[in-house]
Amino acid sequence: MRVIAGEAKGLKLAPVPDGTRPLSDRAREGLFSSLGPTVHDAKVFDLYAGTGAVGIEALSRGAEHAVFVDHGQAATRTIHANLEKARLTGRATVRRREVVSFLDRTDERATLACLDPPYDTPVEQIERVLALLGEKGLSPGWTVALTRPKRASNLVIPVHFSLARRLAYGDSLVLVYREV
């Protein structure tokens, strides 16, 4: 895995922790190409962050700040290592917590939220996370990118979200939502 573009372009990231399924380089490149200027100066939530590759890509492309949230100790260690390698620690915060718990308790807001939950995450949990984001986690003009398995039959689209793009890469489907 590597950083695709921006100030950390080409940087090889730390190895993926066991049990983590990161978004492929190709999928990240497609996602960020579709987001365009939305990333510049964004405040980012990288939820279910894994290696932190998505949030680091956002920071490399000009995001102002990123909050990385993952409950795994190996994942948060990897995120810290990758931020150090990319020299982006000053623009990042890493939280070792469950995503729902983080969103329940945070006062922070994001203009761009990227979620890459494990494919076996129950749809009810994803609905809860999207509801919390919509209720209190997003700033005006927001964008949300949700990764799901391409084979998923029940796509989650909250009432106050508008599906702006549907991107398919390998076995991943990335749904890009915007504010209604």
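These remarks concern the structure in this document. (Residues numbered from 1 in each chain as written. Predicted model: local features only at pLDDT ≥ 70, side-chain atom pairs only at ≥ 80, totals over all residues. Heavy atoms only, no water.)

### A closer look at the overall build of the protein chain
To be explicit about the condition: Helix and strand labels come from DSSP, where a helix needs a run of H or I of at least four residues and a strand needs a run of E of at least two; each type is numbered from the N terminus. Computation of the radius of gyration draws on C-alpha atoms alone. For the globule rule, the value is 2.2 Å times the number of residues to the power 0.38. Only protein chains enter the accessibility calculation, which uses a 1.4 Å probe; a residue whose area is less than 20% of its type maximum is buried, one above 50% is exposed, and one in between is partly exposed. Note on areas: Shrake-Rupley with a 1.4 Å probe; residue coverage comes only from the protein chains shown.
Scanning the protein chain from terminus to terminus reveals five helices and seven strands. Listing each helix as α and each strand as β along the protein chain from the N terminus yields α-β-α-β-α-β-α-β-α-β-β-β. In terms of overall size, the protein chain behaves like a compact globule, its C-alpha atoms giving a radius of gyration of 15 Å where 180 residues would be expected to give roughly 16 Å. Across its three principal directions, the C-alpha atoms of the protein chain cover 40 × 35 × 30 Å. Looking at the protein chain as a whole, 53% of its 180 residues qualify as buried. Just so you have it, the protein chain exposes about 8,300 Å², and 47% of that area is on carbon and sulfur atoms.

### Considering empty space enclosed by the protein
Operational definition: Only protein atoms enter the calculation, which uses a 1 Å grid: trapped sets of points that fit a 1.4 Å probe without letting it out are cavities, open sets showing protein on both sides within 12 Å along at least five of seven lines are pockets, and any residue with an atom within 4 Å of a point is a lining residue. Grid points are joined across faces, edges and corners, and a volume is the space filled by probe spheres set on the points. Residues were grouped as follows: Ala, Val, Leu, Ile, Met, Phe, Trp, Tyr, Cys and Pro as nonpolar; Asp, Glu, Lys and Arg as charged; and all remaining residues, including Gly, as polar.
If you walk through the whole model with that rule in mind, you get one cavity of 30 Å³ or more. In this structure, the largest cavity occupies an estimated 40 Å³ of space. When contributions to the lining of the largest cavity are tallied by element, the ones reaching two or more residues are β4 (110-115) and β5 (138-149). A total of three residues in the lining of the largest cavity trace back to one element, the largest contributor, which is β5. Of the residues contributing to the lining of the largest cavity, the split by class is eight nonpolar, one polar and one charged.

### Section: the nonpolar core
Put simply, the rule reads: Residue types Ala, Val, Leu, Ile, Met, Phe, Trp, Tyr and Cys, when buried and joined through side-chain atoms within 4.5 Å, form a set referred to as a nonpolar core. Any two residues having at least one pair of non-hydrogen atoms within 4.5 Å are treated as being in contact.
Among the nonpolar cores identified, the biggest contains 33 residues, and L31, I56, L59, F68 and L83 are the most heavily contacted of them. Apart from residues lying up to four places away in sequence, I56 is in contact with V3, L13, T51, F68, N82, L83, A86 and L88. Counting 25 residues, the second-largest nonpolar core is a separate cluster that includes L47, V67, V99 and L103.

### Focus on the packing of aromatic side chains
Two measures describe an aromatic ring pair: the distance that separates the ring centres and the angle between the ring planes. This is how it is decided: Each pair of aromatic rings taken from Phe, Tyr and Trp, with Trp reduced to its six-membered ring, is defined by centres within 6.5 Å and is described as stacked if the planes are under 30 degrees apart, edge-to-face if over 60, and tilted in the remaining cases.
Under the definition given, this model contains three aromatic pairs. Between the aromatic rings of W142 and F161, the centroid separation amounts to 4.6 Å while the plane-to-plane angle is 50°, which identifies the pairing as tilted. Here F161 lies in strand β6 (residues 161-169) and W142 lies in strand β5, a separation of 19 residues in the sequence. An angle of 65° between the planes, with centres 5.4 Å apart, marks the rings of F161 and Y177 as edge-to-face.

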